[in-house]
Amino acid sequence: MTITRRSFLSASAAFAAAPVLRATAAPLPREADIVVIGAGAAGIAAARRIVAANRKVIVVEASSQIGGRCITDVATFDVPFDRGARWMHNPDTNPMIRLARNAGLDVSPAPSGQKMRIGRRNARAGETEEFLAALVRANRAIDEAARGKLDTSCASALPKDLGDWAGAAEFVLGASFAGKDLKELSAIDKARAQDRNAAIACRQGLGTLIARLGEQVPVALATPANRILWSNRDVSVETQAGKIVARAAIITVSTNVLASGAIKFAPDIPKRTLDAASKLTLGSYDHIVLQLPGNPLGLSRDDVLIEQSNSTRTALMIANIGGSSLCSIDVGGSFGRDLSEQGEKAMTAFAREWITKLFGSEAAAAVQKTAATRWNASPYVMGAMSGASPGGQLSRKVLAEPIGNLFLAGEATHETLWGTVDGAWDSGERAADAALRKIGALKDEPAEVPTQSTKKRRAPRR
């Protein structure tokens, strides 16, 4: 059966409202219409789209759980916390928010409290205004540089007179935003990034949401794709559990995994694609989570705190996550990468040191249980979010180009929502549509041909 886009979208809506069926850990079939590689947000979005089109799909996931870079830890502490992505955005257009509510999860806008720390005190109102003005100037300078004929680094575009606020501005716009220092980031890529200020939180965890949405599709866990044979007619995906023959494949692995050669292709995928991936490498961004009962820092629920820093050895704190006693000290960029390489013990030591510097030794002494993520060391991810190197912004469009019957998806393929779960989800749906069209399962309805009754008539002259 071939369906049109209009009937397909109707089927997708009905599918989204269907009862949740647990179908994970599916047995590996020998054949499918479409194979999806990776059970992160992009992979689950693509698979749901294919199921809604009444086509046979199997998702093969290398790790032992659904989520990709969206993983909720429910075991370490007495409340859940997201080890990776924690926010959704664009509540007016993001379908994930509606799906979360349909799945019975609680979503709400994240509190907007933000604080600047200068040594052991909060910044005064005038100082906060100075910082915000410096941030606006830096953003405008990057936007202006992005209009030039040649791409440049964000760092080279910054005003030279940001004074005491230069370090904090660079951290907020670089390491905190994209997991990379500004000297590593394309000004065009940064300028084209869609606004992400309207953060939406899921009380049960964003990883919980992706896992819940994945319950409606067949997923083979702990099943890495080792080799993909492809052509313009069909594909064959080889795993340790067997081979799957399909008419198309959607690949949602990160750019670092793709460039690493962990998955072999026959024939090799084009150099153009690999070059694009190499210009969209993942930045470094990790959470160091501390249990601080009794709120010794005196911060509000989900308060965001940064410091006036003159070096990259800094962090961002999200305090009292969801009203709990958990505080996340987030590190990123080159400093975060170096710290992560030293291991969890060094990461926790830095978090204690940082809290001591800003709040005193008594606050640091109140820390109880701790946990730290190390996404760079995760073999099936190898980093955080993609950031285009100077001159590499067009690589996002290149990476999304079909290769025979292969279709790539993931946040790195989204030109404006890169680095977000929203962009990953949207890219998965777009790749699914493209794959369904390729196999003849989805056809766009022809544009309506104007007839005498639909043509706009000229108003009579008066």
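Quick note: structure is the one above.
In what follows, the accompanying structure is described. All of these numbers come straight from a predicted model, not from anything done at the bench.

Cut-offs used in this document
Residues numbered from 1 in each chain as written. Predicted model: local features only at pLDDT ≥ 70, side-chain atom pairs only at ≥ 80, totals over all residues. Heavy atoms only, no water. Axes fitted to C-alpha atoms, helices over the stretch in contact; angles between N-to-C directions. Helix = DSSP H or I, 4+ residues; strand = E, 2+ residues; numbered from the N terminus. Parallel < 35°, antiparallel > 145°, perpendicular 65-115°, else oblique. Left-handed = near helix turned anticlockwise from the far one by under 90°. Contact = heavy atoms within 4.5 Å. Nonpolar A, V, L, I, M, F, W, Y, C, P; charged D, E, K, R; others polar. 1 Å grid on protein atoms, 1.4 Å probe; cavity = no way out; pocket = protein on both sides within 12 Å on 5 of 7 lines; lining within 4 Å. Points joined across faces, edges and corners; volume = space filled by probe spheres on them. Disulfide = S-S within 2.5 Å. Pairing = 2+ DSSP bridges. Phe/Tyr/Trp six-rings, centres within 6.5 Å; stacked < 30°, edge-to-face > 60°. Buried < 20%, exposed > 50% of the residue type's maximum accessible area, 1.4 Å probe, protein only. Lys NZ or Arg CZ within 6 Å of the ring centre and 35° of its normal.

1. Some words on the packing of helix α2 (residues 41–52) against helix α8 (residues 206–214)
- Two numbers describe how α2 lies on α8: the axes approach to 10 Å, and their chain directions differ by 25 degrees. Here α2 is positioned roughly parallel relative to α8, judged by the angle of their axes. When you trace α2 past α8, the crossing you get is left-handed. Side by side, α2 and α8 meet where Ala-41, Ile-44 and Arg-48 of the first sit next to Ile-210, Leu-213 and Gly-214 of the second.
- When its residues are assigned to classes, the contact of α2 with α8 shows four nonpolar, one polar and one charged.

2. So, empty space enclosed by the protein
- According to the stated counting rule, one finds one cavity of 30 Å³ or more in the structure shown.
- Considering only enclosed or pocket space, the largest cavity measures out at about 90 Å³ in volume.
- Along the walls of the largest cavity sit 15 residues, with Val-253, Ser-254, Thr-255, Leu-399 and Ala-409 positioned nearest its centre.
- Here the residues of the lining of the largest cavity sort into eight nonpolar, five polar and two charged.

3. With respect to the layout of surface pockets
- Its volume calculated, the second largest pocket comes out at about 420 Å³.
- For the second largest pocket, the lining is made up of 23 residues, of which Ala-201, Cys-202, Arg-203, Ile-321 and Gly-322 are closest to its centre.
- Looking at the lining of the second largest pocket, the elements with two or more residues in it are β5 (81–82), β6 (107–109) and β9 (200–202).
- In terms of residue class, the lining of the second largest pocket is built from eleven nonpolar, six polar and six charged.

4. Topic: the state of the cysteines
- Scanning the entire structure with this criterion turns up zero disulfides.
- Of the cysteine sulfurs around Cys-70, a residue in no disulfide, the closest is that of Cys-202, at 11 Å.

5. Observations regarding the sheet that holds strand β15 (residues 285–291)
- Reading across the sheet, the seven strands line up as β8-β7-β16-β17-β18-β15-β19 and stay open at both edges, with mixed pairing between neighbours. Looking at the sheet topology across the chains shown, the edges are occupied by β8 (121–122) and β19 (370–372).
- Pairing between strand β7 (residues 114–118) and strand β16 (residues 304–307): four bridges, direction parallel. Counterpart to Met-116 in the pairing with β16 is Ile-306.
- Of the strands in this sheet, β7, β15, β16, β17 (316–318) and β18 (326–332) are in contact with helix α6 (residues 166–178), which crosses β16 at around 125 degrees.

6. Some thoughts on the packing of aromatic side chains
- Summed over the entire model, instances satisfying the criterion amount to four aromatic pairs.
- Aromatic pair Phe-131 and Trp-165: ring centres 5.8 Å apart, planes at 50 degrees, arrangement tilted. Note that Phe-131 is positioned in helix α4 (residues 125–146) and Trp-165 in the loop between α5 (154–157) and α6, a separation of 34 residues in sequence. Side by side, Phe-131 and Trp-165 carry an identical accessibility label, which is buried.
- Aromatic side chains Phe-177 and Trp-418 sit 5.7 Å apart centroid to centroid with 85 degrees between the ring planes, which places their arrangement in the edge-to-face category. In this pair, Phe-177 is assigned in helix α6 and Trp-418 in the loop between β20 (406–408) and α15 (421–438), connecting sequence segments 241 residues apart.
- Since its relative accessible area comes to 1%, Trp-418 is described here as buried.
- In this structure, Lys-190 packs its charged tip against the face of Phe-177, placed 4.4 Å from the ring centre.
- Sitting above the plane of the Trp-418 ring, Arg-196 keeps its charged end 4.9 Å from the centroid.

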